[in-house]
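Each chain is listed here by its residues.
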Amino acid sequence: MALLLPLSRSSSSSVRKMKAKESNYDPNIHRLPWYGGLVLLALVALCGTASYWSFFYLPPALTAADLAQQPLAFNGARAWDTLTHLDALGPKTTGSRANEVRAVEVLEREFSLINASHHPAQQVLYEKQIVSGQYGINFFGSQMTSVYRRVQNLIVKLVGAEDRHALMLNCHFDSVASSPGASDDCGSCAVMLEILRVLSRAPERSRHSIVFLFNGAEETPLQASHGFITGHRWAREVRAFLNLESAGSGGKELLFQSGPQHPWLIEAYSRAVRHPFGQAIGEEIFQSGLIPSDTDFRIFRDFGHVPGLDFAHIFNGYRYHTRYDSVQFLSPAVLQRTGDNILSMVRLLANGNQLANGDDGRSEGSMVFFDFLGLFFISYTAIEGTVLNIVVSIAGLVVGCWSVLAVVGWSNWRSMGREMLHGFVATLLGSGAGVGLNLATAYGIDRAVDRSMSWYSSCWLVVGLYCMPVMMLLFIAHREFHRLFSKSKTVLSLTLTVQARIVGVFLFWALLTIGATVYGLRSAYVIAIMLTLALFSMTLTALLKLQSFPGGYWLIIYLLVHSVALLWTTQFYHIFTNIFIPITGRSGANDNPDLIIGIVAAACTIFTTSFLVPLVNLLRKPYRTIGTLFVLFLAALALGTVSSIGFPYTGPGTSPSDAPKVQRILVQHTVRQFHEPNSTQTVRSTDAGYLFRLWDRHNERTVRDVLEKQSPGKGASALEPTELPECKREVFCGMPGSAIRFTSLWSPQSNRPHTPDMVKLSLDRWEAVRRNANGSSIKLTISLNGSFQSTILVRPRRNVRLTGWNLTPEVPVKLAAAGHKAYFLLITHGLAGEPVPLILDLETDRKSDTVEPLVDISVTSNFWEYHEHFTEEFSRFVASFPSWAHVVPAVTVVNVYTF
């Protein structure tokens, strides 16, 4: 009506002009058949499948038959042979014979063969470093002092022609308990050995030296690398490093950390690699602490102040740190791809100018980097990224508005602005509603039916449970905005209305891009690339003047260009779900994992489909498409909550394709001994039990069920360590520090573990340095005897302060958990050695005649891969867990002293 009133009073020329405008109005409001919505869904699925295929594609490995034709190429079959020898050793925990003797023998045998076959022009040097040290580090929010004694590094140097600057490659050959560590990280060591073999046979030396570091204590964590970078003479020559790691089991190696600064490293990667796979967003996510893992990259960066690149295999994280991280579930193609890329990087850096010029002006600045489906790699500086993000965001809005107003006239900018605002608000409300519904679904699945993690082994359920409802609500929001707020008569045809609302979607993402850019997030490039493709589509449509062409050619162009955008956006769904779904199996019992996956799935769905959603208003009977999404959501909900498909875990199958997705169980058969004050020999009380660390949401149920089968009533009697009565007086409840730091269960047991030896504490000296009526200073000299893995908790009593010790120049911050505070030491032994001295400088305000204790010390000895000493009852208990559980058993001894 508002348009008709002024029209009735206008001149005849105005009437003719308005009729010309009305000729753009499409009387057939719904241009596309109803099944066009299903075509859109199929397009998303098709592009998602294509990006998934590219995500997992690996080039075939070279075989022994290729050696004659390609003698200086990386050969995956030869690297695979090395890996099988390391894998056959089984778990290789630091300090075990498998790690300290047998793995060293395998590697040294390979070094001997390489040295015997190297080209006369090459010089290959080998040194074994047995190193001890200590340093302070904050590890996932826990402040600790890391102490290592006689851990081993095997170091090979391929001497360069100049031999002043060196490139370093690093891997670790140790593993966690109960895991052979084929991917983490023996596969990387096999890759390095093959690279060393190939380069040592080249007829000419590289310009710069190459140092190959095979370190034997990374899982402890990160200790042997510290010993090398702070204590070995070759470390002073290192100008850059490539760290080869794994946070999964196989697949592509992801470049996920770089620098810090030194953009030439990313430029070198861009020039050298044959199969790129790197995303700067991975670097920001990893360094945010969202992923419960760390690598030697941190040690080289923080203690060696050396720049580098960090690579890790991220696929199949279900097998990470389990017995299934073995060659049975890997392939030579994994080694071939990684080897091709790293060998190319090494050749470029070892023969270029970068290492010699690393400290010039090229050492400053962060980089934005990414690959597109492994086809090509793009990098640019963070400053260039800031400019690009802002320019694309503004240009897209300008071109989008110009494209529509060029048809209807600039005087109708209000109509354009109104429809653009409708597109923005509908996207905003639909996104908010989608996230809200996912959170409600996640809460209900966890609390009402107790079926969280139903998608853990059936990842496709995430699409039905958490992607379909978000897409459905986005469709509803845009459809209802169109129904409620569209004018019955408007200068904008339906196609122009939809295009204007697409500009509104562009506005939604442009604001997010600018906000992330202002906040300093390089990850804004992820959105900016999608906006760039949308800008290209709008520009092409406008230049060809297809905005309101009756044949719908603009839609064809739009969908073709957006298919490329879908390939870009869907790859992030695959990356994030492949990372975060397995992580929920080891992220703890307190948080609802469905909330995490629901948010990740919602964000990826909005990111992937938001530019398609406005097209719903071109459909006849759009609620058929919406209803289809709703039915798919209900089907996934039913499968996840009431069928066996929703059971989270699967055991091992009959072939490598039947890869297990197991529940992790850590059980420590523990004996606790509380000593009399000022005594290291007299025990005042002792008890035993099973200590369980709860890795995921369902650990507690599994543990209680197995305990109940062992002995009726045992399951119900298990309790959290913080509920024990001794928690009020004993340091960290008389438990290992991990029992309080992480959610745990304690089940008292009558059977004690066999403990043929343990770390024993002896008080060597008590010296009063200063004593008067106002207080005193006391020096305690303590020896920790026994070359076993141990943790120490030192808790000064009230009005007592630790002012110094012999481990680090400064006293660290106390570890705090569940109301307890203490100084935390982690002590690792590689080869057997001398006792570890601990000297404590204490100050107290107490009067000189006070006899109250000054300090409590808890010494925990951990025995991994200790099966031959298990009691029969404990062995039967471990064997009673279901096949879909990966049980890591250990024996633990806790000795609590008071002085």
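Structural notes, computed from the coordinates. (Residues numbered from 1 in each chain as written. Predicted model: local features only at pLDDT ≥ 70, side-chain atom pairs only at ≥ 80, totals over all residues. Heavy atoms only, no water.)

1. What about empty space enclosed by the protein?
Enumeration over the complete set of coordinates arrives at four cavities of 30 Å³ or more. By volume, the largest cavity is sized at about 110 Å³. Taken together, Gly-400, Ser-403, Val-404, Gln-499, Ile-502, Val-503, Ser-537, Met-538, Thr-541, Trp-554 and Tyr-558 make up the full set of residues lining the largest cavity. If you list the elements that add at least two residues to the lining of the largest cavity, you get helix H12 (382–408), helix H15 (494–518), helix H16 (525–543) and helix H17 (553–583). (1 Å grid on protein atoms, 1.4 Å probe; cavity = no way out; pocket = protein on both sides within 12 Å on 5 of 7 lines; lining within 4 Å. Points joined across faces, edges and corners; volume = space filled by probe spheres on them. Helix = DSSP H or I, 4+ residues; strand = E, 2+ residues; numbered from the N terminus.)

2. Quick look at the pattern of salt bridges
Two side chains carrying opposite charge are able to pair once their charged atoms lie near each other. Counted by the stated rule, this structure contains 33 salt bridges. Among the ionic pairs, Arg-298 bridges to Asp-294, the shortest N-O distance being 3.0 Å. With a shortest N-O distance of 2.6 Å, Arg-795 and Asp-856 are connected by a salt bridge. Of the two residues, Arg-795 sits in strand S15 (residues 789–796) while Asp-856 sits in strand S20 (residues 855–863), which places them 61 residues apart along the sequence. Here Arg-795 falls in the buried class, since its relative accessible area comes to 16%. Here Asp-856 falls in the buried class, since its relative accessible area comes to 2%. Among the charged side chains, a salt-bridge network with shared partners connects Arg-78, Glu-110, Glu-194 and Arg-197. (Salt bridge = Lys/Arg side-chain N within 4 Å of Asp/Glu carboxyl O. Buried < 20%, exposed > 50% of the residue type's maximum accessible area, 1.4 Å probe, protein only.)

3. Things to note about the packing of aromatic side chains
By the definition in use, this model includes 51 aromatic pairs. Considering the side-chain rings of Phe-241 and Phe-297, the 5.4 Å spacing of their centres and the 65° angle between planes classify their relative orientation as edge-to-face. Of this pair, Phe-241 sits in strand S5 (residues 238–246) while Phe-297 sits in helix H10 (residues 297–302), and the two are 56 residues apart along the sequence. The pair Phe-241 / Phe-297 is uniform in exposure class, with both members buried. On the basis of an interplanar angle of 70° and a centroid distance of 5.7 Å, the ring pair of Trp-509 and Phe-607 is categorised as edge-to-face. Residue Trp-509 is found in helix H15, and its partner Phe-607 is found in helix H18 (residues 593–609); the two are separated by 98 residues along the sequence. (Phe/Tyr/Trp six-rings, centres within 6.5 Å; stacked < 30°, edge-to-face > 60°.)

4. Some points on the layout of surface pockets
For the second largest pocket, the calculated volume is near 990 Å³. What lines the second largest pocket is a set of 35 residues, and nearest its centre among them are Tyr-52, Trp-460, Val-463, Tyr-573 and His-574. Broken down by element, the lining of the second largest pocket gets its largest block of residues, eight residues, from helix H3 (residues 36–56). Split into classes, the residues belonging to the lining of the second largest pocket amount to 21 nonpolar, 12 polar and two charged. Composition of the lining of the second largest pocket by domain shows at least three residues from each of domain 1 (78–134 + 152–356) and domain 2 (382–646). (Nonpolar A, V, L, I, M, F, W, Y, C, P; charged D, E, K, R; others polar. Domains from an automatic or database assignment.)

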